[in-house]
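The residues making up each chain are set out below.
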Amino acid sequence: MTQPGCINTMKSYFARFKPVADYGRDSSGVAAVEFALIVPILLALFLGGIEYSRATMYARRFNQVTAMASDLIAREAQLDDAKLLGISQAIDTAWGNLDNHDSLRLQVKHVRSAGNLATKKAPGTTYVEWSYPIRENKKYPDCQDYTVPVANMVQRGNSVVIVTATYTYRSLFNGQAPGMSTATLDWQSESSHAPRDLCVAYDKTNCLSTCE
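For clarity, every value in this text was computed on a predicted model and none was experimentally measured.

*Asks:* So what's going on with the packing of aromatic side chains? Which residues, and what values?
*Replies:* A ring pair, where both rings are aromatic, is described by two values, the distance of the centres and the angle of the planes. Per the counting criterion, the structure on display carries 11 aromatic pairs. Look at Trp95 and Tyr167: their rings are 5.0 Å apart centre to centre, the planes differ by 75 degrees, and that puts the pair in the edge-to-face class. Note that Trp95 is positioned in helix 4 (residues 81–95) and Tyr167 in strand 4 (residues 159–170), a separation of 72 residues in sequence. Residue class for Trp95 comes out buried when judged on its relative accessible area of 0%. For Tyr167, a relative accessible area of 1% corresponds to the buried category. Here Tyr167 and Trp187 contribute two aromatic rings whose centre-to-centre distance is 6.0 Å and whose plane-to-plane angle is 55 degrees, an arrangement assigned as tilted. Of the two residues, Tyr167 is situated in strand 4 and Trp187 in strand 5 (residues 184–193); the sequence distance between them amounts to 20 residues.

As C-alpha cells, then:
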C-alpha cells in the first residue's frame, strides 16, 4: 500500500519537470518560424516568374525583329543604301526601347547558289553575293563561300535572304544581388526568306552576279 508521503514526494519530483513539458507543448511563435522558412522560397519563385516572363517577351521580340528584317528585304527587287537605311529604321522602331537596346546587331546576307553556267564558282556552290550590316560595322565579304543552314536549301541559280541577329540579354536583377553582377545571356537568331522576285539586287538593276 502506497503511503501518502511517498505520493507527495513523487508529485514534488515530477513537478520539477513541468516547465520543460510545458515548453514542449508551447506552440506560440510557430507561425513566425514557418513564415521565415517559406518567405525566401516564395520570394525566389516570385522573382523567378518575373524574370522568366521578361526574358520570354524579349526573346519573342528578338525573333520577330529578325524575321521582319529578312521578310522586308526579300520583298524588294532592288535595294540601295537609302532603302536599307529605311528598313533599318523600321527595325529600330519595332525593337523599341528595350533594355540594353544598342546590343542588337543584324547581318543581312544575300546568298546565291551558283548556276550551271558559272565559271568562277563550281555550280551549286552557295556564296554571299552581297551583305549589309544593320546596327553594326562588320560586313561579310562578298563572293565568299557560305554554308547554308539546311542542305539543298537553295537551288542552283536561285538565292535567299538570310538575316543573322545577335543580342545580349541582361537580367532585370543584374548587379542587384550577390552572384548576379554578370547575369547576361548572348542570344542569336537567324531567319531566311526567298526573294519575291528572282533575286534582291543591291546597287544594280539586274540579277546578274559578278561572283560567277
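*Asks:* Can you break down the pattern of salt bridges residue by residue, with the values?
*Replies:* For the structure shown, the criterion picks out 12 salt bridges. Of the charged contacts in the structure, one is a salt bridge between Arg135 and Asp92, with a shortest N-O distance of 2.3 Å. Taken as a pair, Arg135 in the loop between strand 3 (126–134) and strand 4 and Asp92 in helix 4 lie far apart in primary sequence, 43 residues in all. Take Arg135: its relative accessible area is 22%, and that puts it in the partly exposed class. What makes Asp92 partly exposed here is its relative accessible area of 31%. Asp102 is the salt-bridge partner of Arg135, the closest N and O atoms lying 3.9 Å from each other. A residue pair is termed long-range when its members are at least 10 positions apart, and Arg135 in the loop between strand 3 and strand 4 and Asp102 in the loop between helix 4 and strand 2 (105–113) qualify at 33 residues. Salt bridges sharing partners connect three or more residues here, namely Glu51, Arg54, Asp99 and Arg170.

*Asks:* Before we move on, could you go through the environment of Ala194 and cite the residues and values that matter?
*Replies:* Its place among the elements puts Ala194 in the loop between strand 5 and strand 6 (201–202). On a C-alpha basis, the gap between Ala194 and Val160 in space is 4.7 Å, while along the polypeptide they are 34 residues apart. The residues touching Ala194, leaving out its near neighbours within four places in the chain, are Ala74, Ser159 and Val160.

*Asks:* I'd like a description of the side chain of Arg112, backed by residues and values.
*Replies:* Within the fold, Arg112 resides in strand 2. Judged by its relative accessible area of 6%, Arg112 falls in the buried class. At 3.2 Å, the side chain of Arg112 and the side chain of Glu129 are in polar contact. Excluding its chain neighbours within four sequence positions, the residues that come into contact with Arg112 are Thr125, Thr126, Tyr127, Glu129, Gly157, Asn158, Ser159, Cys199, Cys207, Ser209 and Glu212.

*Asks:* Could you give an account of the nonpolar core, naming the residues involved and the relevant values?
*Replies:* Residues Ile73, Leu79, Leu106, Val108, Trp130 and Tyr167 are the most contacted members of the largest nonpolar core, which totals 27 residues. Counting only elements with at least two residues in this core, the list comes to helix 3 (30–74), helix 4, strand 2, strand 3 and strand 4. Sort the elements by how many residues they give to this core and helix 3 lands first, with 7 residues. Every residue in contact with Val108, bar those within four places of it in the chain, is listed here: Ile73, Trp130, Ser131, Tyr132, Ile134, Val161, Ile162 and Val163. Counting 7 residues, the second largest nonpolar core, distinct from the first, contains Val111, Tyr146, Val160 and Ile162.

Cut-offs used in this document
Residues numbered from 1 in each chain as written. Predicted model: local features only at pLDDT ≥ 70, side-chain atom pairs only at ≥ 80, totals over all residues. Heavy atoms only, no water. Phe/Tyr/Trp six-rings, centres within 6.5 Å; stacked < 30°, edge-to-face > 60°. Helix = DSSP H or I, 4+ residues; strand = E, 2+ residues; numbered from the N terminus. Buried < 20%, exposed > 50% of the residue type's maximum accessible area, 1.4 Å probe, protein only. Salt bridge = Lys/Arg side-chain N within 4 Å of Asp/Glu carboxyl O. Contact = heavy atoms within 4.5 Å. Polar contact = N/O pair within 3.5 Å; in protein donor to acceptor, adjacent residues only side chain to side chain. Core = buried A, V, L, I, M, F, W, Y, C linked by side-chain atoms within 4.5 Å.

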